[in-house]
Each structure stands twice: as structure tokens, then as C-alpha cells.
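Understanding the architecture of this molecule
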Amino acid sequence: MSIPRLLVSLVLLLLAALLAASCYVHYANLERHREFLQGMVSDATGRDFTIAGTMYVDLWPAIRLQMEDLSLANASWGSEPEMLKIARVDAAVAPLSLLSGPIIIKGFELSDVAMLLETGEDGSSNWAMADPNAPVADQPESDAQSAPREPQGLPALVDTALMKDIVLTVRREGLDDQIFSLDELALDSMRSDQIAVTGKGKVLALPLELSGNIGTLPELTDRGAGAFELKASLGQLAMDASGYMASLNSLAGSKLKLSVESPELEQIFSDLGLSLPFSGPLAMQADFEAGDTATNG
């Protein structure tokens, strides 16, 4: 058999195997996969993890996992049975990116999430999964750890992502609940080589909005670096941030320019449940470079 014909036969064989695997995953009973995922998360956290809703898995044209009605049990002393509830999660990964890297997430969606962060009478957090009293062995710093690390790119890149209707409740004994909500946060790198960011939500009583971009895909892929430009508002407080992150490993070479303005600072703190001994407008600008700070106000 000639080499071209052999290569064609191998490709056809791989396609047939992939089609068979995709059909099996699509039509097979997924209860075994459900039990595996539930057990894996439960063992890792020490809390019961449940996937009560539908579960869907596919292999082509993307490796896709969709799950509904997920929950993670609260600490035994918690005020509610669950500390995390997720109505729906849907993730799709480009298959070939698992071999060559970085992993390309074709799409990610997380919706209708309720998180509870509460503190017990002894000061412990319900999100503390490990025993805080467990001894931690001192480990000498190896030569590999002490040596400067080379710039490292992001292990995964996102084509599109959407997180919506996420609510975090912070609960402390004797105090009113603090509610933080994220109506929507979207990431999109399909329209340009930069990752566009848009979002809106609420911090206690203050509306929050966010927009901008966080870097170019080539730079993020190579070494996790990139220019960014973000605008945000929290009530009457307006913030602009722009600059350049040189590496994920170090701040050296990074630059940041920050501008914060508000016509009335006292009202913002009042809405956050805080008080200030002064009132009036705020205008601040700050420049940071390579860990050194120079501020102009």
C-alpha cells in the first residue's frame, strides 16, 4: 500500500473511531459520568456535590459538557443546606487544542448562580474546605523554585464566555446580609484580536458597570502579557484603568494608569453602609510602573 493511501486510511479510521465515540457519548446512559463527577467533587471538597438536572456530553465538533441544577452542600453549622447552587453550566472546548495547547474554550456559559459566604461563631468560613488546624510541613525552597521563572502564557483562551444572574450573599452573625449581584459578564475575542469585556451588576445598593478590553490574543498566548483598557462605574464613582501587564509571573515591566472621579464621595460610602468624616467631590490620578508608584491627586 502506498504512503498516501495509508495516510488516507488512517484518517478515515480515526474519523470513524471519533464518530463511534461521539455516538456512544451522545446516546449512552450518562449516569456513570454523573456519579464520577459527583464523587470527584465531593471527595475534593469534603461536601456533598449533586448534579440533579439533565447532563449532556458531546465530542464533535467540540468537546461539550452541559449540566443543570448543580449544588454543593454547606458546612454542617451553616444556616442553609447548600452554599452553592448553579442552574446551568455549558462549556465547549476545541478538541485539537487539548493536544497542541493552549486550550481553546469555544464557549462557556454560567447562569443562575447563588453563592452563600458565611462566618461561624468561631470565625470559621463555610468555604474553608480543609482542616485549618492540620499541620503544614515546611518545605525547603528548591533551586527550581528560587530561580527566575520564564514568562508563561495563559493555559487557556476563551472565544466567548457569558456569566449571568450570579448572586453572592455575605452573612455574618448579628448583621444584615450583604448582597452582591452580577447581572451579566461577557468575554468575546471573536470580533478582534483583543478580548472585549462588558458587565453590569450591583454592589449592595450601588449599580456597577464595566467595559473595555484585556489584551491581544498573540501576547496572551505567548506569555500572558498584554495591554488593557477598562472603564467602570460604581454609582457616581467613575474609574478608568489602562496600561500593560508584562507577565503573569512578575509585575516587573508592568504599567498602570488609574483615574477615579466622583461628584460626591460621601453618598457612595453611605450607600455601602460606611461613613466618612468629610464630604465633597473626588478626583484622583495614579501612575504605577514596574512596582514603583508615583501618584498625582
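Scope of this entry: the structure provided in the associated data block. (Residues numbered from 1 in each chain as written. Predicted model: local features only at pLDDT ≥ 70, side-chain atom pairs only at ≥ 80, totals over all residues. Heavy atoms only, no water.)

**Here we look at unusual backbone geometry**
One non-glycine residue, Asp69, lies in positive phi territory at about 60°. Residue position: Asp69 is located in strand β3 (residues 63–73). In this structure, Asp112 is a non-glycine residue whose phi angle is positive, near 55°. (Helix = DSSP H or I, 4+ residues; strand = E, 2+ residues; numbered from the N terminus.)

**A look at the environment of Val203**
Note that Val203 resides in strand β9 (residues 194–203). Put simply, Val203 and Leu168 are 35 residues apart on the chain and 9.9 Å apart in space, counted from C-alpha to C-alpha. Aside from chain neighbours lying at most four places away, what touches Val203 is Ile179, Phe180, Leu208, Leu234 and Leu272. (Contact = heavy atoms within 4.5 Å.)

**Regarding the pairing of strand β7 (residues 160–171)**
Summarising the sheet, strand β5 (residues 103–118) and β7 pair through 10 bridges and their orientation is parallel. Within the sheet, the bridge partner assigned to Phe108 lies in β7 and is Ala161. Here β7 runs beside strand β8 (residues 178–188); their pairing, made up of 10 bridges, is antiparallel. Its bridge partner being in β8, Thr169 is matched across the sheet by Ile179. Between the end of β7 and the start of β8, which pair antiparallel, lie 6 residues, with Gly174 showing a positive phi angle near 85°. (Pairing = 2+ DSSP bridges.)

**Quick look at a negative patch on the surface**
Where like charges cluster on the molecular surface, the negative patch consists of Asp112, Asp165, Asp183 and Glu184. In this structure, Asp112 sits in strand β5. (Patch = residues over 30% accessible without salt bridge, like charges linked within 9 Å, V, L, I, M, F, W, Y side chains within 5 Å. Areas by Shrake-Rupley, 256 points an atom, 1.4 Å probe, with all protein chains shown as cover. Salt bridge = Lys/Arg side-chain N within 4 Å of Asp/Glu carboxyl O. Lys, Arg positive; Asp, Glu negative; His and termini not counted. Charge placed at Lys NZ, Arg CZ, Asp CG, Glu CD.)

**Considering the pattern of salt bridges**
Between side chains of opposite charge, a pair can form as their charged atoms come close. Inspection of the entire model under this criterion finds 7 salt bridges. In this structure, Arg171 and Glu80 form a salt bridge, with 3.2 Å as the shortest nitrogen-oxygen distance. One end of the pair, Arg171, is in strand β7; the other, Glu80, is in the loop between β3 and β4 (82–93), with 91 residues separating them in the sequence.

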